[in-house]
Amino acid sequence: MAIFTKNEKKILEKFKNGSIVSDQDEAVLDRYASIGFVQFGFDWDKMVETAKITESCIIHLDR
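Okay, so let's go over this structure.

Procedures and definitions
- Position labels on residues start from 1 in each chain and follow its written sequence.
- Confidence filtering applies because this is a predicted model: local features only for residues at pLDDT of at least 70, side-chain atom pairs given and counted only at 80 or more, and all residues used for totals across whole chains, interfaces and linings.
- Hydrogen atoms and water are omitted, and side-chain values are computed over all heavy atoms in the structure.
- By the criteria applied, helices consist of DSSP H or I runs no shorter than four residues and strands consist of E runs no shorter than two, each listed in order from the N terminus.
- Here the globule rule is a power law, 2.2 Å times the number of residues to the power 0.38, and the radius of gyration is based on C-alpha atoms.
- The classification of residues rests on relative accessible area computed with a 1.4 Å probe and restricted to protein chains. Under 20% of the type maximum is buried, over 50% is exposed, and intermediate values are partly exposed.
- By the convention used here, residues are in contact when the closest approach between their heavy atoms is within 4.5 Å.
- Computed with the Shrake-Rupley method and a 1.4 Å probe, the accessible areas treat only the protein chains shown as cover for residues.
- Charged residues are defined narrowly, with Lys and Arg counted positive, Asp and Glu counted negative, and His plus the chain ends left uncounted.
- Charged side chains are reduced to one point each, which is NZ for Lys, CZ for Arg, CG for Asp and CD for Glu.
- When DSSP locates at least two bridges between a pair of strands, those strands are taken to pair.
- By definition, the arc is the one covered by directions from the helix axis to the C-beta atoms.

## Examining the overall build of the chain
Reasoning step 1: Across its full length, the chain carries 3 helices and 3 strands.
Reasoning step 2: In the chain, the succession of helices and strands from N to C terminus is α-β-α-β-β-α.
Reasoning step 3: Here the chain has a C-alpha radius of gyration of 11 Å; the compact-globule value for 63 residues is 11 Å, and the two agree.
Reasoning step 4: Taking the principal axes of the C-alpha coordinates as reference, the chain spans close to 40 × 20 × 20 Å.
Reasoning step 5: Going through the 63 residues of the chain one by one, you find that 29% of them count as buried.
Reasoning step 6: For the chain, restricting intrachain contacts to residue pairs at least 6 apart in sequence, the fraction spanning at least 24 positions comes to 44%.
Reasoning step 7: Only carbon and sulfur atoms are counted for the fraction: they give 51% of the accessible area of the chain, which is about 4500 Å².
Reasoning step 8: Taken together, the 9 basic and 11 acidic charged side chains of the chain have centroids lying 9 Å from each other.

Okay, structure coming up:
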């Protein structure tokens, strides 16, 4: 049983190595951050919010 929709999986895969958070991706990232699949950060040089998926999320993405 898949826990991610195709669109969610596509979005989450963009954040395997960390990336800048866009408005379009924020809702999905917020949803999965609430269960520990996403960690947020901040790039002080660029002054933008960043996110990276956790190891537990990567394990579920690869299923």
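## A look at the pairing of strand E3 (residues 48-53)
Reasoning step 1: Direction of pairing for strand E1 (residues 19-20) relative to E3: antiparallel, over a ladder of 2 bridges. Opposite Ser19, over in E3, you have Ala51 as the bridge partner.
Reasoning step 2: Relative to E3, strand E2 (residues 38-43) is paired through 6 bridges, and the arrangement is antiparallel. The residue bridging Phe40 from the neighbouring strand is Ala51, located in E3.
Reasoning step 3: If you look at the hairpin formed by E2 and E3, you'll find 4 residues sitting between the two strands, and Met47 has a positive phi there, around 60°.

## Some points on helix H1 (residues 6-13)
Reasoning step 1: Listed in full, the buried residues belonging to H1 are Glu8, Ile11 and Leu12. When H1 is viewed along its axis, its buried side chains cluster within an angular range of 95° and face the same direction. Turned more than 90 degrees away from the buried face of H1, the exposed residues are Lys6 and Lys10.
Reasoning step 2: Looking at the buried positions of H1, the neighbouring elements they touch are helix H2 (23-33), E2, E3 and helix H3 (55-61).

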